[in-house]
Amino acid sequence: MQNKGLVKLFAVLFGLVSIYQLSFTFKANQIDDRAEEYAARKSDDPIKRAADEASYLDSISNQKVFDMGIASYTYNEVKDKAMNLGLDLKGGINVILQISVKDVLKGLSNNSKDPVFNKALDDATELQKTSQNPYVDDFFIAFDKIKGNQKLASPEIFANRTLSEEITFDMSDRAVQPIIRKKVDESIISAFEVLRKRIDKFGVTSPNIQRLGNTGRILVELPGAKDVERIKNLLQSTAQLEFWDVYKGEEFLPFLAQANETLKPLVNKGVKSEVVETEIVTDTIDDADSKIKELTGVIAQTDSTEVGENPILDLLRGYGSGGPVVATFEAKDKDQIMAYLNMPQVRSLLPADQRYVKFAWGIQAKNSEFVDLYAIKGNRDNTPELSGAVITDASQQYTQRNQPSVSMQMNTKGAKIWEEMTGRAYAQQSQIAIVLDDIVYSAPGVTTGPISGGNSEISGSFTLNEAIDLANVLRAGKLPAKAEIVQADEVGASLGQEAIQSGTSSFLIALGLVLVWMVIYYGRGGLFADVALLLNILLIFGVLSGLGAVLTLPGLAGIVLTIGMSVDANVIIFERIKEELAKGKSQVEAVKDGFSNALSSILDANITTLLTAIILFVFGTGPIKGFATTLIIGIITSLFTAIFITRLCIDWYISKGKKLTFYTAVTKGLFQNLNIDFIGKRKVAYIISSIAIVLSIFSLFTNGLDQGIDFVGGRTFQVRFAQEVNPEEVKADVLAAFGSAEVKTIGSSHQLKISTKYMVDVNTAEADDQVQSELFVTLAKYLPKGMTFEDFKTGSGDKKIGQMFSSKVSPTIADDIKTESFWAVIGSMVVVFLYILLRFRRWQFSLGAVAAVIHDVIIVLGIFSFTYTFMPFSMEIDQAFIAAILTVIGYSLNDTVIIFDRIRETVLERGGFAGGRNVNYAINSTISRTLNTSLTTLVVLLAMFLLGTDSLRGLLFAIIVGIVVGTYSSILLATPIMYDTLKDKGEVLDENSKI
């Protein structure tokens, strides 16, 4: 092998970088464990404990916690670089929100009463149930069908005052459509920005929010989130954009001092603050008490032996100096400060003219641990003088000094009120607060007098991104559109912890079995393969961590599958080396030729699997995308380690003059000199496969499949009980309450999976809470006495009893998932057909491969159809099952391509197909590789299946069945079909012919 030094350098560098990346994960886990222990000591309440844990982590977020010698990192930096765990491993919530484009269109039309317009909206809503188009496109289709003489540019629809600058009465529908699409897209972007800002307040690590194409859907993943109900309510509530007058901050400094004195006896009465042990040294922040004393004359007496005697002043980190800011505090203390300020004893200290004051926090700057407190001029009704509904447009601009600013326009009503507010602010030299969801985004002053006409420029010390964000926030108030949760997965933290434990243990056992088997089968050569395999796993986790990818349970299954594929590459290489040694070549020549001859097969096999993984990545979402990600990374790293690292180890060993045989006393001569007439027995295989296909199709038409809520819509709950329960009794109770129910045992007999279509078309947070509440009431007699609804929802208690997982999919998105899954499977087959055609230059090879794949898919579906009624684990057809099917396709093709590659080589060397003799020779020469790889992969998957978590068993079962069926079809179906469709088979194979 040439360039050994370069390969060694890359291997060392990749290994060191992977270790470097993973070190952040280990350190982050240490700190998180410390925070969890601290929170557990303070409270037994899950919600309070989660808050204490978050508070602890917030307190050290910007402190140096990891010193690597050459650099040191804060907790936030460590967390950013650590590997992210998915929902199924960490618990939390994953939702897909549907922004109501119907509401957006209504807003653009100024809530038009036109009957044609409103009928088109209703028709578009119906079309969406089965359509894959964006809502706005279905609206245009529906409008065209019923419009008659009506136009989109009618004054009663879109040619209104709001859109007058862009849509005129004489425009055609075709000209109006792109404008409306643009406006709808702007509204979705605005909603996206609002949601992103809200998510920042949840305090979860590694949140993910992204738009899903142009569907109007937004994916939100919050691993580790605890207060799920609050999150769902916040995500679905309409954005509240408001404009308020604000007080001068310095007016409230005496109030803060008085509040501090009032709170002293209430807060410190008999309470000593707990001192938390930590390895982190907090930097001292300048005390603001002296400034308060100067301004107010109030002397705060402190005792150095007691922490926190001054409830407010001890937390104060700065104060307002003539502007709208009252004071500055650390972000971790803002909930405590707000609780103090809203206490009746404290509010009573306010003078009469300030009794309606609203305290609000400003937006926290990036990489800052501080946040400003504002005092807003409220009123008896708590309603703003001006709301965001009056804004017609907002955009990021630049001032004359080329500084980023924001321009906004209001409608006539808003312009009049804005003129009054700005005039008042100019006269009083005060500010106007721009507030979104109770957060002050900006509080600009007025420098040029009353602003008339409704056009304003907001300038200040904005960065470009801050100005763009503020423009999006302002525009969000223009078209309030509700966001509905159309798909949601909620995983309890305890279930995630169990998944980590079972997944890790099963992974290590599977890995151990493979490492031992390779040594038993190939001796010292197997040991070198193990070295490459271990480095491969290190690289996979290192790359995942470096890319910021999310590790999920299906992702862990993808890594396990990668182990099998990594072993496969080494098996192919070792078998080819053994063949070259059998020809009498020297060790050096045999190794060189073995690697060279194996390269084509390895590349073809891995590329076909890589293509199916890419399709899975493109069409999949959430955990399934995680599965595809790890599979793609694993294929690439396994190629590097198998081809280069194994070669380095072998070359190093034989360079010392030592003999390498690639077998042991147990495996010497195994599978050699096989002479099985596979082509002659193909009719038997055809009969067996035909019977299996007919039975599978019959079962599919009679029994059908257990379609999960991913494909039909509905709600699913996984509930754990303290004792064994009868699923039929539970089903009867749930059926009586909901009208529809499916109840299955999951894993042990004290855990059930309950599915229902009750209220499936209602996508509000209130509906979700109502269904959960009714489920709790229905199951109360099976639950421990005294269990509360909150305990049930969070799966609380030492025994982790209650709801462990819940999922919801609306019928509309279920139809989309089903369609996307269908095209993913078809697309993978088409792509692989074309690739094999390109590589082998014969359509017969492509036909044989695709026919075998179709056979495998039908058999797997048939087995699921026949067995789902009595299997002790979930066999639902969902997105995970589609991932399994695509994996089966990739694996089956992997086997088939290896055999086809040897057939191509044999035919070229031996002069044609020879009536099937050369085909038989090629199959027999690859039997050792085929069986060895299949058995190794099956051992790995069986370990995960038997010892892993319940949620993966359906996925793993499908892959296990697929590997068994795929191994059979690649030998006894794909090759015979290819052979039978050949025109030139060479001489006819007779009974006395020998290979």
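All values reported here derive from a predicted model rather than from experimental measurement.

Thoughts on the overall build of the protein chain
Check the secondary structure of the protein chain and you find 30 helices and 23 strands. A separation of at least 24 residues holds for 74% of the contacts in the protein chain among residues at least 6 apart in sequence. A total accessible area of about 43,800 Å² is found for the protein chain, and carbon and sulfur atoms account for 56% of it.

Structural notes on the packing of aromatic side chains
Any aromatic ring pair is given by two values, namely how distant the centres are and how the planes are angled relative to each other. All told, the structure shown has 32 aromatic pairs when counted by the stated rule. On the numbers, 5.1 Å between centres and 40° between planes, the contact of Tyr38 with Tyr56 is tilted. Remark: Tyr56 occurs in helix H2 (residues 46-59) and Tyr38 occurs in helix H1 (residues 4-42); sequence separation between them is 18 residues. Ring plane angle 85° and centroid distance 6.4 Å describe the contact between Phe866 and Phe870, whose orientation is recorded as edge-to-face. A single burial state applies to Phe866 and to Phe870, both of which are exposed.

Quick look at unusual backbone geometry
A positive phi angle, close to 55°, is found at Asn111, a residue other than glycine. Position of Asn111 among the secondary structure elements: in the loop between helix H5 (101-108) and helix H6 (115-127). Of note in this structure, Gln429 is not a glycine but carries a positive phi near 55°.

Notes on a nonpolar patch on the surface
Judged by side-chain polarity, Ile614, Phe617, Val618, Phe619, Phe822, Trp823, Ile826, Val830 and Leu834 come together as a nonpolar surface patch covering roughly 820 Å² of accessible area. Broken down by secondary-structure element, the contributors of at least two residues to the nonpolar patch are helix H19 (587-619) and helix H26 (811-840). A per-element tally of the nonpolar patch places H26 first, with five residues. Secondary-structure assignment places Phe617 in helix H19.

Remarks on the pairing of strand E7 (residues 241-245)
With respect to burial, E7 is a largely interior element, five of its five residues being buried. Burial along E7 is two-sided: the residues Leu241, Phe243 and Asp245 and Glu242 and Trp244 are all buried. Pairing geometry for E7 and strand E15 (residues 432-436), over five bridges, is antiparallel. Bridging from a neighbouring strand, Glu242 pairs with Val435 of E15.

With respect to the sheet that holds strand E8 (residues 316-319)
With mixed pairing, eight strands are arranged side by side in an open sheet as E8-E9-E11-E10-E16-E15-E7-E12. Both edges of this open sheet fall to E8 and strand E12 (386-387), since each of them pairs with a single strand only. Across three bridges, the pairing between E8 and strand E9 (residues 325-330) is antiparallel. Bridge pairing in E9 links Gly318 to Thr328. Sheet strands in contact with helix H10 (residues 253-267) are E8, E9 and strand E10 (358-362), and its direction is about 45° off that of E9. Packing against the sheet, helix H14 (residues 412-428) makes contact with E7, E12 and E15, and its axis sits at approximately 35° to E7.

Details of the sheet that holds strand E6 (residues 217-223)
Spatially, the eight strands line up as an open sheet ordered E5-E6-E4-E18-E23-E20-E22-E21, and their pairing is antiparallel. The open sheet terminates on both sides in strands that have one partner only, identified here as strand E5 (208-212) and strand E21 (742-745). Ignoring which end each strand starts from, the neighbouring axes of this sheet average 20° apart.

Describing the confidence of the model for the protein chain
Any residue range with low pLDDT should be treated as having predicted coordinates unsuitable for detailed reading. Per-residue pLDDT for the protein chain has a mean of 80; in total, 87% of the residues score no lower than 70. Highest mean pLDDT in the protein chain belongs to helix H21 (residues 682-702) (94); lowest belongs to helix H11 (residues 289-296) (46). Note on residues 270-289: pLDDT under 50 across the span, and 24 contacts to partners over four residues away in sequence or across chains. Contacts for the low-pLDDT stretch residues 291-307, under 50 throughout, to residues beyond four places or in other chains number 33 contacts.

Some thoughts on the side chain of Thr328
Relative to the elements of secondary structure, Thr328 occurs in strand E9. In terms of polar contacts, Thr328 uses its side chain to reach the side chain of Asp372, at 2.8 Å.

Quick word on the pattern of salt bridges
By the definition in use, this model includes 27 salt bridges. Asp245 is the salt-bridge partner of Arg424, the closest N and O atoms lying 2.7 Å from each other. Taken together, the residues Arg424 in helix H14 and Asp245 in strand E7 connect sequence positions 179 residues apart. A salt bridge links Arg647 to Asp651; its shortest N-O distance comes to 3.1 Å. Of this pair, Arg647 and Asp651 both sit in helix H20 (residues 623-654), four residues apart, which is roughly one turn of that helix. Each member of the pair Arg647 and Asp651 is classed as buried. Each member of the salt-bridge network shares a partner with another, and the members are Arg576, Glu579, Arg902 and Glu905.

Structural notes on the packing of helix H18 (residues 553-582) against H19
For the pair H18 and H19, interaxial distance at closest approach is 7 Å and the crossing angle is 145°. Taken as a pair, H18 and H19 cross one another with a handedness that is right-handed. Judged by residue contacts, Met565, Ala569, Ile572, Ile573, Arg576, Ile577, Glu580 and Leu581 of H18 engage Gln587, Ala590, Val591, Asp593, Gly594, Phe595, Asn597, Ala598, Ser601, Ile602, Asn606 and Thr609 from H19. A breakdown of the residues in the contact of H18 with H19 according to their chemical character gives eleven nonpolar, six polar and three charged.

Describing the pairing of strand E13 (residues 391-398)
Two elements, E13 and strand E14 (residues 404-410), share seven bridges in a ladder whose sense is antiparallel. Looking at the pairing, Ala394 lines up with Met408 of E14. As consecutive antiparallel partners, E13 and E14 are separated by five residues, and within that stretch Asn402 has a phi angle of approximately 65°, a positive value.

Section: H5
By the burial criterion, the buried members of H5 are Val101, Asp103, Val104, Leu105 and Leu108. Just downstream of H5 lies Asn110, where phi reads positive at about 55°.

Notes on the packing of helix H29 (residues 917-947) against helix H30 (residues 953-980)
Viewed as axis vectors pointing N to C, H29 and H30 meet at an angle of 175°, and their least axial separation amounts to 9 Å. Compared by their axis directions, H29 and H30 come out roughly antiparallel. Where H29 approaches H30, its residues Val919, Ile923, Ile927, Thr930, Ser934, Thr937, Leu938, Leu941, Leu942, Met944, Phe945 and Leu946 are matched on the opposing element by Arg953, Leu956, Phe957, Ile959, Ile960, Ile963, Val964, Thr967, Ile971, Thr975 and Tyr979. Of the residues contributing to the contact of H29 with H30, the split by class is 17 nonpolar, five polar and one charged.

Let's talk about the nonpolar core
One finds Ile889 and Ile903 to be the most contacted residues of the largest nonpolar core, which totals 124 residues. Once residues lying within four places of it in the same chain are set aside, the contact partners of Ile903 are Phe845, Phe913, Val919, Ala922, Thr975 and Met978. Within the second largest apolar cluster, 46 residues are counted, among which are Ile99, Val101, Leu105 and Val184.

Describing the environment of Ile99
Positionally, Ile99 belongs in strand E4 (residues 92-99). Owing to a relative accessible area of 2%, Ile99 belongs among the buried residues under this scheme. As a C-alpha pair, Ile99 and Ala483 span 384 residues in sequence and 4.5 Å in three-dimensional space.

Looking at the environment of Ala35
If you trace the backbone, Ala35 turns up in helix H1. Counting along the chain gives 14 residues from Ala35 to Arg49, while the straight-line C-alpha distance between them is 9.9 Å. When sequence neighbours within four positions are dropped, the list of residues in contact with Ala35 reads Glu53, Tyr56 and Leu57.

Rules behind the numbers
- Residues numbered from 1 in each chain as written.
- Predicted model: local features only at pLDDT ≥ 70, side-chain atom pairs only at ≥ 80, totals over all residues.
- Heavy atoms only, no water.
- Helix = DSSP H or I, 4+ residues; strand = E, 2+ residues; numbered from the N terminus.
- Contact = heavy atoms within 4.5 Å.
- Areas by Shrake-Rupley, 256 points an atom, 1.4 Å probe, with all protein chains shown as cover.
- Phe/Tyr/Trp six-rings, centres within 6.5 Å; stacked < 30°, edge-to-face > 60°.
- Buried < 20%, exposed > 50% of the residue type's maximum accessible area, 1.4 Å probe, protein only.
- Patch = residues over 30% accessible without salt bridge, like charges linked within 9 Å, V, L, I, M, F, W, Y side chains within 5 Å.
- Salt bridge = Lys/Arg side-chain N within 4 Å of Asp/Glu carboxyl O.
- Pairing = 2+ DSSP bridges.
- Axes fitted to C-alpha atoms, helices over the stretch in contact; angles between N-to-C directions.
- pLDDT = per-residue confidence, 0-100.
- Polar contact = N/O pair within 3.5 Å; in protein donor to acceptor, adjacent residues only side chain to side chain.
- Left-handed = near helix turned anticlockwise from the far one by under 90°.
- Nonpolar A, V, L, I, M, F, W, Y, C, P; charged D, E, K, R; others polar.
- Parallel < 35°, antiparallel > 145°, perpendicular 65-115°, else oblique.
- Core = buried A, V, L, I, M, F, W, Y, C linked by side-chain atoms within 4.5 Å.

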